[in-house]
Amino acid sequence: YQRRVHGKMNAFYGVAILASLIYGIFFDGTYYKIYFCLLIGYALLTQIGTLTRWNNKRKKCNIATWNAPNCPQILITLEWDITKAQAYLEKKRKETNLPLTLTHFVGLAASRALSKEPDLNGRLSFGNYIPKEDLGISFLVSLDGGKDLGACTVEKIDHKGIEDICTELSSSSKKIRSHTNEEHANRTQPLAFIPTFIIEPIMFLVGYLSCNLGFSLPWLGFKKYAFGTCIITSVGMLGYEHVFAPIPPFTNVPLVVTVGATVKKPMVVDDEVKIRDVINVTLTLDHRYTDGARAGQIYKKFRDFLHDPEGFSAKHEHDEIEAQCLSLIHI
């Protein structure tokens, strides 16, 4: 969307300048007199004065190259010691006999953090924030050796355990990879025959109808809130250790989480340096939904679950009870 707006503005400026030149050449040369007078005044102001020291050629090039920042994203990174997570997964694998992975675990952690901080579980519609009734999280799936990308959305994930997440993702990803998922086919097959300049406005419109307004468009492969509230992508399988993923505008999600590759790093554990398996996890948040303070609360809950899933519930239930008691005291 931002790229489309910038493209339109650049085209507008170009046409306006061209029209001014044609008018000055064929109709009235006053335009050039005014232009050169302003140009001389600008040169005198910037080149013969204190501004020269601050506005060198490089600085002018920088100013002319880039637009004002308008990307409302908060970028967060954490180093995740996966020791306790691996023990948790091993225990659950024995109980469920399911191929549970760290990606499933990250999805569970995100669902627990978002369920306790509802600021991000909502949508922006006509300039207003509106909370969603349910929490959904999408997991990206690589297809055909990286030539295509699918999304499996687990709905009401905050009411599900890690075994439910694993079962749903296994079923959905198998259908997508075997090209038997109608939703994915309806969403992607028409793109092969439509020019890019037509795809862009269609993606914006369909994304707004489905992911912002909550309309179901099954013939286009978009359910109500098709991508949920969060997108999780595992880039470790691609060899990346540390990646920040952008938020795709048409998905209208406020959070994207990336999971990097496992590496061995020295970590301080009980005041001793030990070699541990570590994964870099990054979060990209839409600043329109929340501010830094609230984002910090979400980050802490997410981090606490990643590092200690067994003790997460007890710790945060205690914190919530303490906060309620403090609020009653203030009343």
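Before reading on, note that the structure itself is shown above.
Residues numbered from 1 in each chain as written. Predicted model: local features only at pLDDT ≥ 70, side-chain atom pairs only at ≥ 80, totals over all residues. Heavy atoms only, no water.

1. Details of the packing of helix H6 (residues 102–116) against helix H10 (residues 292–307)
Each pair of packed helices can be summarised by the angle the axes make with each other and by the distance between the axes. Under the convention used in this document: Axes here mean lines fitted to C-alpha atoms, for a helix over just the part in contact, with angles spanning 0 to 180 degrees between N-to-C directions. A run of H or I in DSSP becomes a helix once it reaches four residues, and a run of E becomes a strand once it reaches two; helices and strands are each numbered from the N terminus. Throughout this description, any angle smaller than 35 degrees is read as roughly parallel, any larger than 145 degrees as roughly antiparallel, any in the 65 to 115 degree range as roughly perpendicular, and the remainder as oblique. Crossing handedness follows the turn of the near helix against the far one: under a right angle anticlockwise gives a left-handed crossing, and clockwise gives a right-handed one. Here, residues are in contact when the closest pair of their heavy atoms is within 4.5 Å. Amino acid classes used here: Ala, Val, Leu, Ile, Met, Phe, Trp, Tyr, Cys and Pro are nonpolar; Asp, Glu, Lys and Arg are charged; the rest, including Gly, are polar.
Relative to each other, H6 and H10 sit at 140°, their axes nearing to 8 Å. With respect to H10, the axis of H6 lies oblique. You can see that H6 and H10 cross each other, and the crossing is right-handed. Mapping the contact onto sequence places Phe105, Val106, Leu108, Ala109, Ala110, Arg112, Ala113 and Lys116 in H6 and Ile298, Lys301, Phe302, Phe305 and Leu306 in H10. Each residue belonging to the contact of H6 with H10 can be placed in one class, and the counts come to ten nonpolar, no polar and three charged.

2. Notes on the environment of histidine 287
Quick reminder of the rule: When a residue's accessible area, from a 1.4 Å probe over protein chains only, is under 20% of the maximum for its type it is buried; when over 50% it is exposed; and in between it is partly exposed.
For histidine 287, the position within the fold is in the loop between strand E8 (272–286) and H10. Its relative accessible area of 40% is what places histidine 287 among the partly exposed residues. Here the alpha-carbon distance between histidine 287 and leucine 120, two residues 167 residues apart in the chain, equals 9.8 Å. Excluding anything up to four places from it in sequence, histidine 287 contacts Pro72, Gln73, Ile74 and Gly292.

3. Let's talk about the pattern of salt bridges
Defined as follows: Within this document, salt bridges are pairs made up of a side-chain nitrogen of Lys or Arg and a carboxyl oxygen of Asp or Glu, the two lying within 4 Å of each other.
Counted by the stated rule, this structure contains ten salt bridges. Between aspartate 277 and lysine 264 there is a salt bridge, and its shortest N-O distance comes to 2.9 Å. Of this pair, aspartate 277 sits in strand E8 while lysine 264 is found in strand E7 (residues 255–269), placing the two residues 13 residues apart along the sequence. Residue aspartate 304 pairs with arginine 303 through a salt bridge whose shortest N-O separation is 3.4 Å. Residue classification places arginine 303 among the partly exposed residues on the basis of a relative accessible area of 28%.

4. What to know about the sheet that holds strand E6 (residues 230–234)
As a reminder, the rule being used: Pairing between strands is defined by DSSP: at least two bridges between them are needed.
Pairing is mixed in the open sheet, where six strands are placed in the order E1-E8-E7-E6-E4-E5. If you trace the sheet from one side to the other, it starts and ends with strand E1 (73–81) and strand E5 (148–155), each paired once. Put simply, the sheet's adjacent strands are angled 30° from each other on average, direction ignored. Bridge count between E7 and E8: 13 bridges; the pairing is antiparallel. Among the inter-strand pairings, lysine 264 is bridged to a residue of E8, identified as aspartate 277.

5. Observations concerning the layout of surface pockets
Gaps left between atoms are located by rolling a probe of water-molecule size over the structure's atoms. Stated formally: With a 1 Å grid laid over protein atoms only, a set of points is called a cavity when a 1.4 Å probe fits there but cannot get out and a pocket when it is open yet has protein on both sides within 12 Å along at least five of seven lines; lining residues have an atom within 4 Å of a point. Grid points are joined across faces, edges and corners, and a volume is the space filled by probe spheres set on the points.
Roughly 1,200 Å³ of internal volume is contained in the largest pocket. Together, 45 residues line the largest pocket, and Leu140, Val141, Leu149, Gly150 and Ala151 are the ones closest to its centre. Secondary-structure elements contributing two or more residues to the lining of the largest pocket are H6, strand E4 (136–143), E5, helix H7 (162–177), helix H8 (182–188), helix H9 (196–212) and E6. Of the residues belonging to the lining of the largest pocket, the class tally is 28 nonpolar, 14 polar and three charged.

6. Quick look at H9
The criterion, for reference: To estimate the expected span of a helix, count its residues, drop one, and scale the result by 1.5 Å.
Compared with the 24 Å implied by 1.5 Å per residue over 17 residues, the 23 Å span of H9 between its first and last C-alpha is a close match. The elements touched by buried residues of H9 are strand E2 (122–125). Directly after H9, the chain includes glycine 214, whose backbone phi takes a positive value near 85°.

7. Brief notes about the environment of histidine 184
Its place among the elements puts histidine 184 in helix H8. Separated by 35 residues in sequence, histidine 184 and leucine 149 place their C-alpha atoms 9.5 Å apart. Contact partners of histidine 184, with chain neighbours within four places excluded, come to Leu143, Asp148, Leu149, Gly150 and Ile176.

8. Remarks on H10
Here H10 is 16 residues long and its end C-alpha atoms lie 22 Å apart, about the 22 Å a rise of 1.5 Å per residue gives. Among all positions in H10, only Ala295, Ile298, Tyr299, Lys301, Phe302, Asp304, Phe305 and Leu306 are buried.

9. Points about the nonpolar core
To keep it simple, the criterion reads: Only buried residues count toward a nonpolar core. Its members are Ala, Val, Leu, Ile, Met, Phe, Trp, Tyr and Cys residues joined through side-chain atoms within 4.5 Å.
Trp80, Phe105, Ile232, Val257, Leu283 and Phe302 are the most contacted members of the largest nonpolar core, which has 49 residues in total. No other element matches the eight residues that H6 contributes to this core. Val206, Ala245, Ile247 and Val256 belong to the second largest nonpolar core, which has twelve residues in total.

Worth remembering: the numbers are spatial, not functional.
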